[in-house]
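Topology and contacts: notes
Listed below are the residues making up each chain.
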Amino acid sequence: MGRVEVGERGQTVQENFVTRKLSVGVLGAGVFGTYHAGKVAGSDLAELAGIFDADGARAEALVTANGGRFYDDADALFEACDAVMIATPARTHFELAEAALKAGKHVLVEKPLALTGGHADQLVNQAHKSRLILQVGHQERLVCKGLGLFGADMPIEHIELIRHGPPPKGGRAMDVSVIWDLMIHDIDLAHCLLGKTAQIERASGRCELGPEFDAVDADIDIEGVPVRLSASRIAPSLERRMKLLFEDGEVEVDFIKRTVANTTRFTLNARFASDLPD
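These remarks concern the structure in this document. Computed from a predicted model, the values in this text were never measured in an experiment. (Residues numbered from 1 in each chain as written. Predicted model: local features only at pLDDT ≥ 70, side-chain atom pairs only at ≥ 80, totals over all residues. Heavy atoms only, no water.)

Here we take up the overall build of the protein. Helix and strand counts for the protein come out as eight helices and 15 strands. Considering only C-alpha atoms, the protein reaches an extent of 60 × 60 × 35 Å along its principal axes. Expressed as a percentage of contacts within the protein between residues at least 6 apart in sequence, the contacts between residues at least 24 apart total 58%. Total accessible area computed for the protein in this model is approximately 15,200 Å², and 51% of it derives from carbon and sulfur atoms. Charge separation in the protein, taken as the distance between the mean sites of 30 positive and 41 negative side-chain charges, equals 3 Å. (Helix = DSSP H or I, 4+ residues; strand = E, 2+ residues; numbered from the N terminus. Contact = heavy atoms within 4.5 Å. Areas by Shrake-Rupley, 256 points an atom, 1.4 Å probe, with all protein chains shown as cover. Lys, Arg positive; Asp, Glu negative; His and termini not counted. Charge placed at Lys NZ, Arg CZ, Asp CG, Glu CD.)

Dropping the structure here:
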């Protein structure tokens, strides 16, 4: 890399400027780690520095498929890259993200960012202090932005969000409840659409696969708007839907079928969802 300076009369003076690919490390060789490693390896803008995982054989297999090298020490991987993607079990997110930020690395961490508000604030403050990028894998907010939902010119009167699916393969995400595993996406969406202040009106859940909740239903209030949430990882089939009620109609998004039904007066970019790559 080099520096760019502004000379006399505003001329741009460029010295020793060399572009190079961003070196990215992936922590976690499970389902999402495999996905991230493949995306980095196939990018023209980045290169895969390596993989860290407690399961050496699984990490070695991912390295063989995508390149880079296997690291059995997270700190050693931090030294070898510019940025990291954290796709480890949820209970390790805070510790690994904090270590990466303190090592001066940009961080993309899969949801949840942390399991307490205090830990989440610590990570955000550390990123600001170090002038680093900290991003969480809440991809649904990007879909809604692309659809144009954040630009709607009328207030939302009610939201219903459903995120159901069968038990996760290989026991993925069983270290936390379905709230942190699935519902967290919809909680994030509701806040993006409505605002920060929320109050729980009613909530219930049940455990079947282990000690953590596997299905949860909740009614909450965000800035005076009722929001109904339902998340399950013990459902017979996949279902990912969002329904927004406005004064003059409804918007319903099916995230599985990638369809949008809109009876309101404002126009949405309905093709955005169907044109997304797999």
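That was the structure; now back to the text.
The six strands lie next to each other as S5-S4-S3-S6-S7-S8, forming an open sheet whose pairing is parallel. At either margin of the open sheet sits one strand with a lone partner, and together these are strand S5 (69-71) and strand S8 (134-136). Neighbour-to-neighbour, the strand axes of this sheet turn through a mean angle of 25°, independent of strand direction. Bridge count between strand S4 (residues 46-52) and S5: three bridges; the pairing is parallel. Across the sheet, Ile51 pairs through a bridge with Phe70, a residue of S5. Across the sheet, helix H2 (residues 56-66) lies against S4 and S5, angled at about 155° from S5, the strand it touches most. (Pairing = 2+ DSSP bridges. Axes fitted to C-alpha atoms, helices over the stretch in contact; angles between N-to-C directions.)

Attention now moves to the packing of aromatic side chains. The tally for this structure, following the rule as stated, stands at one aromatic pair. Residue placement shows Arg69 over the ring face of Tyr71; its charged tip is 4.2 Å from the ring centre. Above the ring of Phe255, the side-chain terminus of Arg163 is found at 5.9 Å from the ring centroid. (Phe/Tyr/Trp six-rings, centres within 6.5 Å; stacked < 30°, edge-to-face > 60°. Lys NZ or Arg CZ within 6 Å of the ring centre and 35° of its normal.)

Moving on, we get to helix H6 (residues 139-147). The set of residues buried in H6 consists of Glu140, Val143, Cys144 and Leu147. Seen along its axis, H6 keeps its buried residues to an arc of 95°; they face one direction. Gly148 lies just past H6 and shows a positive phi near 95°. (Buried < 20%, exposed > 50% of the residue type's maximum accessible area, 1.4 Å probe, protein only. Arc of directions from axis to C-beta.)

Read across the sheet, seven strands follow the order S10-S11-S12-S9-S13-S14-S15 without closing on themselves; strand pairing throughout is mixed. Every interior strand has two partners, whereas the edge strands, strand S10 (198-206) and strand S15 (259-262), have only one. Put simply, the sheet's adjacent strands are angled 10° from each other on average, direction ignored. Strands in contact with helix H7 (residues 178-194) are strand S9 (158-164), S10, strand S11 (215-222), strand S12 (225-232) and strand S13 (239-246); relative to S12, the strand with the most contacts, it is inclined by about 160°.

The omega torsion of the bond from Lys111 to Pro112 falls at -5°, within 30 degrees of zero and hence cis. Relative to the elements of secondary structure, Pro112 occurs in the loop between strand S7 (106-109) and helix H5 (117-130). The backbone of Arg258 shows a phi angle near 60°, a positive value even though the residue is not glycine. Residue placement: Arg258 occurs in the loop between strand S14 (249-254) and S15.

In short, shape yes, function no, at least from these values alone.
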